[in-house]
Amino acid sequence: MKNTLIIAGLMTATLAMAQPQPISYSNLVKTGTKLAEGVLPIYQHDNRVYMEFDRQLDGREMELRGQIDCGFGLIDRAVKSIGVVKLSVPDSATVVLNQPFYHDRILDTDSPLTKAFNLSNGPTVGRTYCAAVVSDKGNPIVDITELVEYGMEWFDCSQYSAIRSLVEGSSRLTEVHASASGVAMSIERQYETEAEQYSFNSMAIILPNASKPLLTSYYFNLLPPNGEPIRLCARDIAAQTIHLNDYSQNPYTMVEDSLVVRWATNVPCVFYIDSLMPQQYRGAVVKGIESWNSVLAKAGVKKRLTAKPLGKQMKAVEQAIVVAYDFGKKGVTSEKTVHPRTGEILSCRLNIGHNGKSPITADELTKSIRKEVAQILGIAPNANNQQAARALKYLYNAPANSNVYKDRERMIGIVKDK
């Protein structure tokens, strides 16, 4: 019995030593603590990292964006993230990252069923984090050291098979860049790789696995309070859509519908080209991107696409659209983050993977870029030129009515009036 108690006591003491001890706000902000001020302040104190959530952010939406800056032959490649979350900061002790269920909705804001619908469709349970510190303003400050060390449960690069297990203790926060709209964090880690896995020495002994550095960046992008208005799709419009069930079109039953996927109509689409893009391909990339401007002009919409070099002082992860060339997946591919509630495209990475056996020509690259940009704009795959033009006209005419049903009727009329 005594031995059991001693072992239990040792285990308790070990666990207590492993857990970070709570600290006061006065100790957190003492001399030696690094503070990056902004909308989401970041504190670095005694080898731990903390993020402060202002109580006034309760109910705001935030995009969690991640990318591989470089490493393992990859440049500016998107990593999986939990995407868009709705912040809940109910008190000084708790922060919740909610991901509401948007499949069932009432789109008519004046519907008498709204109150009953909201009561029967309660909020989803999100990821809850307890405050490690409370600021002098009463804001919860969460320990996010695990984000630096492992990516927390927010980011994941497991889709890249060459990147294996993380080397324990190799993570290092290299830079924090705070701004009025969010905060970016750059992190360096070492990951195992099967270097020369099939090589043997003269004694036929398999060589040990090696490790490589991987530079990643995460961006916590606080979204505007009033996001892009949704636009319902119409028949025969070749657009990418998000399916939903609407309970306000018919008072007796649910109606299946869908909303279109598009960029904000009032925000310029700037494609920032990474500095490591081979010089011989730059012109082809710009040509493929900006070739859509003539189609947009004919469609009668104001949105234009611009290609610019990524400046040395600019953080790639903070830019909505980045174009890069690397040794990743061959060919031209893209990954984008779409707001699940509004259908607004928030960010995108357009990647060109090197093909050593059959290098792509400039003309081929222009055609591939043009085709991929069509999908980046929200046009349905395999749409022909006529269908693409109609889709752009439908997608990017600015809304003129807050009622989504009347907006759809208006847009159907505009598309028909060629």
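Residues numbered from 1 in each chain as written. Predicted model: local features only at pLDDT ≥ 70, side-chain atom pairs only at ≥ 80, totals over all residues. Heavy atoms only, no water.

**Some words on the overall build of the protein chain**
Inference 1: Tallying secondary structure elements over the protein chain gives nine helices and 23 strands in all.
Inference 2: In the protein chain, 69% of the contacts between residues at least 6 apart in sequence involve partners at least 24 apart.
Inference 3: Computing the positive centroid from 46 side-chain charges and the negative centroid from 42, the protein chain places the two 7 Å apart. (Helix = DSSP H or I, 4+ residues; strand = E, 2+ residues; numbered from the N terminus. Contact = heavy atoms within 4.5 Å. Lys, Arg positive; Asp, Glu negative; His and termini not counted. Charge placed at Lys NZ, Arg CZ, Asp CG, Glu CD.)

**What about the pattern of salt bridges?**
Inference 1: Considering all chains together, one arrives at eleven salt bridges under this definition.
Inference 2: The salt bridge partner of Arg48 is Asp143, with a shortest N-O separation of 2.7 Å. Here Arg48, found in strand E3 (residues 48–52), pairs with Asp143, found in strand E12 (residues 140–143); they are 95 residues apart in sequence, far enough to count as distant.
Inference 3: Residue Arg48 is classed as partly exposed on the basis of its relative accessible area, which comes to 25%.
Inference 4: The network of salt bridges with common partners includes Arg231, Asp407 and Arg410. (Salt bridge = Lys/Arg side-chain N within 4 Å of Asp/Glu carboxyl O. Buried < 20%, exposed > 50% of the residue type's maximum accessible area, 1.4 Å probe, protein only.)

**Comments concerning the pairing of strand E4 (residues 61–71)**
Where a strand is regular, its side chains alternate between the two sheet faces.
Inference 1: Here E4 lies mainly inside the structure; ten of its eleven residues are buried.
Inference 2: Where E4 lies against strand E16 (residues 210–222), eight bridges are found, and the strand directions are antiparallel. Across the sheet, Met62 pairs through a bridge with Leu222, a residue of E16.
Inference 3: The sheet contact formed by E4 and strand E5 (residues 74–78) spans four bridges and is antiparallel. From the neighbouring strand, Cys70 faces E5, where its bridge partner is Ile75. (Pairing = 2+ DSSP bridges.)

**Quick look at the packing of aromatic side chains**
Inference 1: Throughout the structure, instances matching the rule amount to seven aromatic pairs.
Inference 2: Considering the side-chain rings of Phe117 and Tyr247, the 5.6 Å spacing of their centres and the 40° angle between planes classify their relative orientation as tilted. On the criterion of sequence distance, the pair formed by Phe117 in helix H3 (residues 114–120) and Tyr247 in the loop between strand E17 (241–246) and strand E18 (255–260) is long-range, its members being 130 residues apart.
Inference 3: Owing to a relative accessible area of 30%, Tyr247 belongs among the partly exposed residues under this scheme.
Inference 4: One aromatic cluster in this structure is built from Tyr129, Trp154, Phe155, Tyr218 and Phe220.
Inference 5: Sitting over the face of the ring of Trp292, Arg370 holds its NZ or CZ atom 4.3 Å from the ring centroid. (Phe/Tyr/Trp six-rings, centres within 6.5 Å; stacked < 30°, edge-to-face > 60°. Lys NZ or Arg CZ within 6 Å of the ring centre and 35° of its normal.)

**Points about the packing of helix H8 (residues 385–396) against helix H9 (residues 404–416)**
Inference 1: Running from N to C, H8 and H9 point in directions that differ by 145°, and their axes come no closer than 9 Å. Pair H8 / H9 crosses with right-handed handedness. Here H8 contributes Arg390, Lys393 and Tyr394 to the contact with H9, which in turn contributes Arg408, Met411, Ile412, Ile414 and Val415.
Inference 2: Considered class by class, the residues forming the contact of H8 with H9 number five nonpolar, no polar and three charged. (Axes fitted to C-alpha atoms, helices over the stretch in contact; angles between N-to-C directions. Left-handed = near helix turned anticlockwise from the far one by under 90°. Nonpolar A, V, L, I, M, F, W, Y, C, P; charged D, E, K, R; others polar.)

**Thoughts on the sheet that holds strand E19 (residues 269–273)**
Inference 1: Pairing is mixed in the open sheet, where five strands are placed in the order E20-E19-E21-E23-E22. Edge positions in the open sheet fall to strand E20 (305–309) and strand E22 (331–338), since each of these has one partner strand only. For this sheet, the mean inter-axis angle between neighbouring strands, taken without regard to orientation, is 20°.
Inference 2: Looking at chain direction, strand E21 (residues 321–326) and strand E23 (residues 345–353) are connected through six bridges and run parallel. Its bridge partner being in E23, Ala324 is matched across the sheet by Asn351.
Inference 3: With respect to the sheet, helix H5 (residues 279–290) is in contact with E19, E20, E21 and E23, its orientation differing from that of E20 by roughly 160°.
Inference 4: Contacts from helix H7 (residues 362–376) reach E19, E20, E22 and E23 within the one sheet, and its direction differs from that of E22 by about 15°.

In short, shape yes, function no, at least from these values alone.
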